[in-house]
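An overview of the molecular structure
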Amino acid sequence: MTEAAERFFEALPSRAPEILGGLADGTLQIDLGDNHRTEHWLVRMRPGSVRVSRERGPADAIWYSSAALFDRLISGEAQGIAAVLRNESTFSGNVVLFLAFRRFFPDPPGTRDPRETARRAAGRQR
């Protein structure tokens, strides 16, 4: 497991209040594979809170990713839904948990809020 992934999981509980709304309520098992070895993370999500452990299920959903892809996700270089659609990772179970968890990933580098871009454009037109 990379140090970046360790730090990411350690930071989840402190970030949860600002990221998780009322829809996330369940347990997501994240399996990260690397060189014929799989590391497991169990993320218990509740509205506004997260508990993380290095266990296996029971879980309401299971998401498998390579460790290399997960590192790209936590750096904003890849997107979770796109990875699943391209079959670079797999997901089964309660999809709401996956959708809620992906909110912990950063936006891609250079991403701008479209509302802020529109405000700046409107300010230049005056």
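What you see is a predicted model, and the numbers here were worked out from it, not measured in a lab.

1. Concerning the overall build of the chain
Across its full length, the chain holds five helices and five strands. Mapped in sequence order, the helices and strands of the chain form the string α-β-β-β-β-α-α-β-α-α. Dimensions along the principal axes, computed over C-alpha positions, put the chain at roughly 60 × 30 × 25 Å. Of the accessible surface of the chain, which amounts to about 7700 Å², a share of 49% is contributed by carbon and sulfur atoms. Across the chain, the centroid of the 18 positively charged side chains sits 8 Å from that of the 16 negatively charged ones.

2. Regarding a nonpolar patch on the surface
Taken together, the side chains of Leu23, Ile81, Leu85, Val95, Val96 and Leu99 present a nonpolar region at the surface, about 550 Å² in accessible area. Those elements that provide at least two residues to the nonpolar patch are helix 3 (80-85) and helix 4 (95-101). It is helix 4 that contributes the most residues to the nonpolar patch, three residues altogether. Residue position: Leu99 is located in helix 4.

3. Structural notes on the pattern of salt bridges
One pass over the full model with this rule turns up seven salt bridges. The partner of Arg46 in a salt bridge is Asp25, with the nearest N and O atoms 3.4 Å apart. Taken together, the residues span a long stretch of sequence, with Arg46 in strand 2 (residues 37-46) and Asp25 in the loop between helix 1 (3-19) and strand 1 (26-34) at a distance of 21 residues. Judged by its relative accessible area of 36%, Arg46 falls in the partly exposed class. Glu55 is the salt-bridge partner of Arg44, the closest N and O atoms lying 3.5 Å from each other. Placement of the pair is Arg44 in strand 2 and Glu55 in the loop between strand 3 (49-53) and strand 4 (61-66), with a sequence separation of eleven residues.

4. A closer look at the UniProt feature "domain: SCP2" (unreviewed entry) in the chain
Residues annotated by UniProt as "domain: SCP2" (unreviewed entry) correspond here to residues 15-105. Taken end to end, residues 15-105 has its terminal C-alpha atoms 11 Å apart, with 29% of it in helix and 37% in strand.

5. Quick word on the environment of Asp71
Following the sequence through the fold, Asp71 ends up in helix 2 (residues 67-74). Spatially, the C-alpha atoms of Asp71 and Val52 are 18 Å apart, while their sequence positions differ by 19 residues.

6. Digging into the nonpolar core
In globular proteins that are soluble, nonpolar side chains generally tend to be buried together. One finds Phe9, Ile30, Met45, Phe70 and Phe101 to be the most contacted residues of the largest nonpolar core, which totals 29 residues. Broken down by secondary-structure element, the contributors of at least two residues to this core are helix 1, strand 1, strand 2, strand 4, helix 2 and helix 4. No other element matches the six residues that helix 1 contributes to this core. In this structure Met45 touches Leu20, Ala24, Asp25, Gly26, Leu28, Val50, Leu97, Ala100 and Phe101, once residues within four positions along its chain are discounted.

7. A short note on the sheet that holds strand 4
Read from one edge to the other, the open sheet built from five strands follows the order 3-2-1-4-5, with strand pairing classed as mixed. Two strands close off the open sheet at either side, each with one partner strand: strand 3 and strand 5 (90-93). Strand-to-strand twist of the sheet, defined as the mean angle between neighbouring strand axes without regard to direction, takes the value 20°. On the sheet, helix 1 packs against strand 1, strand 2 and strand 3 and is oriented at approximately 155° with respect to strand 3. Lying over the sheet, helix 2 contacts strand 1 and strand 4, oriented at roughly 100° with respect to strand 4.

Rules of the game
Residues numbered from 1 in each chain as written. Predicted model: local features only at pLDDT ≥ 70, side-chain atom pairs only at ≥ 80, totals over all residues. Heavy atoms only, no water. Helix = DSSP H or I, 4+ residues; strand = E, 2+ residues; numbered from the N terminus. Areas by Shrake-Rupley, 256 points an atom, 1.4 Å probe, with all protein chains shown as cover. Lys, Arg positive; Asp, Glu negative; His and termini not counted. Charge placed at Lys NZ, Arg CZ, Asp CG, Glu CD. Patch = residues over 30% accessible without salt bridge, like charges linked within 9 Å, V, L, I, M, F, W, Y side chains within 5 Å. Salt bridge = Lys/Arg side-chain N within 4 Å of Asp/Glu carboxyl O. Buried < 20%, exposed > 50% of the residue type's maximum accessible area, 1.4 Å probe, protein only. UniProt positions renumbered as here; feature names shortened; annotations may be inferred. Core = buried A, V, L, I, M, F, W, Y, C linked by side-chain atoms within 4.5 Å. Contact = heavy atoms within 4.5 Å. Pairing = 2+ DSSP bridges. Axes fitted to C-alpha atoms, helices over the stretch in contact; angles between N-to-C directions.

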